[in-house]
Amino acid sequence: WEFNGSFYQPSAFLMMGIPGLEGLHAWISIPFCALYLTALLGNCVILFIIRRTPSLHEPMYYFLSMLAVTDLGLALCTLPTTLGLLWFGVRRIAFDACLTQMYFIHILSFMESSVLLAMAFDRFIAISHPLRHPAILTRSTVLKIGLAIVLRGTVSLLPIPFLLKRLTYCGRTELSHSFCFHPDIMNLACADIKVNVFYGMIVLLSTVGMDFIFIVLSYVLIIRTVVSLTTREECLKALNTCVSHICAVLVFFIPMIGLSMTHRFGKNVPPLVNTLVAYTYLTIPPALNPVIYSIKSTHIREALLRALCRTRG
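Keep in mind that this is a model prediction, so the values were computed, not measured.

Observations regarding the packing of helix H10 (residues 243-265) against helix H11 (residues 271-296)
Each pair of packed helices gets described by two things: the angle between the helix axes and the distance between those axes. It is at 9 Å that the axes of H10 and H11 come closest, and there the two elements cross at 175°. Judged by the inter-axis angle, H10 sits roughly antiparallel to H11. When the residues that make up the contact of H10 with H11 are grouped by side-chain class, the tally is 16 nonpolar, 8 polar and 1 charged.

Right, here's the structure in full:
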């Protein structure tokens, strides 16, 4: 412990694995390895395909590239501590390292939410105003949106580590997961955390909450446009371009909302449920998103097949 007057701060936190299944960590690491490998390879393949295929140099695929980069970052943030704990039983993480990991996990999560909103906006423009789509979403506009997404996440979450460092910690140092999460660290403090709770809630509602509302609004407008189309084939064709994005939205937001609810209101929720929701939130979307887009996007699938054929040739 580091002592400075009446201010106490732990030198490290202790991470937890799967509650009640500590003896099976070696076996549990197998599906985690599969998920991380799928996330890393899948998103790298998506980025490679989009970069090497000129026909995919469109706003939709630029935003997909941003999603892939964000998913890669999320996977790389949690991989070292999760596999380190499951393989080697490494539970200790330094205090400052924990705050750094927490900061990047939250930044990347907020960025993913913003990218999904940008993709919803792209689908709305493409379906409702197809002739104006190239003029509205130019390369420079897409770049500006990407920069705004990064700045939004970075600036809005910048005070969080400093708000945690000002707290006094005593007694418990065990985290609920194999990674650092803001509510988890905050609840270990023995000081007044009202400022942390209030700021965290405001940031969450003003970023991820607003993103979700605007995504829903975008699809309300998309459905209204699709219903006005003359033929059933046109309706299905328009909606089919949104299936991948809808799946990505559901895969991301459902576990995130569940994790937020269990941390804030689930005092009586079993630790195993809380842990499984947290791992689902941080490992499933990065692994599933490239699979979803590879299966549902004809252009991605065809470009991937061409690349495989060139490699074999």
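That was the structure; now back to the text.
Here's the deal with the environment of Phe 13
Structurally, Phe 13 can be placed in strand E3 (residues 12-14). C-alpha of Phe 13 to C-alpha of Leu 175: the two residues are 162 residues apart in sequence and 6.8 Å apart in space. In this view, Phe 13 contacts Arg 91, Arg 92, Ile 93, Phe 95, Cys 98, Tyr 169, Thr 173, Leu 175, Ile 185 and Leu 188; residues no more than four positions away in its chain are not counted.

Here's the deal with a positive patch on the surface
The grouping of Arg 51, Arg 52, Arg 306 and Arg 310 at the surface amounts to a positive patch. Summarising the element assignment, Arg 51 is placed in helix H1 (residues 25-52).

Section: the confidence of the model for the protein
Summarising the model, the protein shows a mean pLDDT of 89, and 96% of its residues fall at 70 or more. For the protein, the element scoring lowest by mean pLDDT is strand E1 (residues 2-4), at 45; helix H5 (residues 139-157) scores highest, at 96. Every residue in residues 1-5 is under pLDDT 50, and counting partners more than four places away or in other chains gives 10 contacts.

Structural notes on the packing of H1 against H11
Taken N-terminus to C-terminus, the directions of H1 and H11 make an angle of 45°; their axes are 8 Å apart at the nearest point. As summarised for this structure, H1 and H11 are arranged oblique, according to the angle between their axes. Here H1 runs over H11; the crossing is left-handed. On H11, the residues that touch Phe 32, Leu 35, Tyr 36, Thr 38, Ala 39, Gly 42, Asn 43 and Ile 46 of H1 are Tyr 279, Thr 283, Ile 284, Pro 286, Ala 287, Pro 290, Val 291 and Ser 294. Looking at the contact of H1 with H11, its residues break down into 11 nonpolar, 5 polar and no charged.

What to know about the nonpolar core
Counting 86 residues, the largest nonpolar core has Phe 13, Leu 64, Leu 116, Leu 164, Tyr 169 and Ile 185 as its most contacted members. Among the elements that take part in this core, helix H3 (residues 95-128) stands out by supplying 18 residues, more than any other.

Some details on the side chain of Ser 29
Inspection of the secondary structure assignment puts Ser 29 in helix H1. By relative accessible area, Ser 29 is classed as buried at 4%. Beyond its immediate sequence surroundings of up to four residues, Ser 29 is in contact with Leu 86 and Trp 87.

Some words on the environment of Thr 78
Here Thr 78 lies in helix H2 (residues 59-88). Separated by 89 residues in the primary sequence, Thr 78 and Leu 167 place their C-alpha atoms 24 Å from one another. Excluding residues within four positions of it along the chain, Thr 78 makes contact with Tyr 36, Gln 101, Ile 105, Phe 179 and Leu 282. Here the side chain of Thr 78 touches Leu 74 through a polar contact of 3.4 Å, landing on its backbone oxygen.

As for a nonpolar patch on the surface
A cluster of nonpolar side chains, Met 210, Phe 212, Ile 213, Phe 214, Val 216, Leu 217, Val 220, Ile 257, Met 261 and Phe 265, forms an exposed patch at the surface whose accessible area comes to about 900 Å². Of all the secondary structure elements, the ones that give two or more residues to the nonpolar patch are helix H8 (194-227) and H10. In terms of residue count, H8 provides more of the nonpolar patch than any other element does, 7 residues in total. In this structure, Phe 212 sits in helix H8.

About the thresholds
- Residues numbered from 1 in each chain as written.
- Predicted model: local features only at pLDDT ≥ 70, side-chain atom pairs only at ≥ 80, totals over all residues.
- Heavy atoms only, no water.
- Axes fitted to C-alpha atoms, helices over the stretch in contact; angles between N-to-C directions.
- Helix = DSSP H or I, 4+ residues; strand = E, 2+ residues; numbered from the N terminus.
- Parallel < 35°, antiparallel > 145°, perpendicular 65-115°, else oblique.
- Nonpolar A, V, L, I, M, F, W, Y, C, P; charged D, E, K, R; others polar.
- Contact = heavy atoms within 4.5 Å.
- Patch = residues over 30% accessible without salt bridge, like charges linked within 9 Å, V, L, I, M, F, W, Y side chains within 5 Å.
- Areas by Shrake-Rupley, 256 points an atom, 1.4 Å probe, with all protein chains shown as cover.
- Salt bridge = Lys/Arg side-chain N within 4 Å of Asp/Glu carboxyl O.
- Lys, Arg positive; Asp, Glu negative; His and termini not counted.
- Charge placed at Lys NZ, Arg CZ, Asp CG, Glu CD.
- pLDDT = per-residue confidence, 0-100.
- Left-handed = near helix turned anticlockwise from the far one by under 90°.
- Core = buried A, V, L, I, M, F, W, Y, C linked by side-chain atoms within 4.5 Å.
- Buried < 20%, exposed > 50% of the residue type's maximum accessible area, 1.4 Å probe, protein only.
- Polar contact = N/O pair within 3.5 Å; in protein donor to acceptor, adjacent residues only side chain to side chain.

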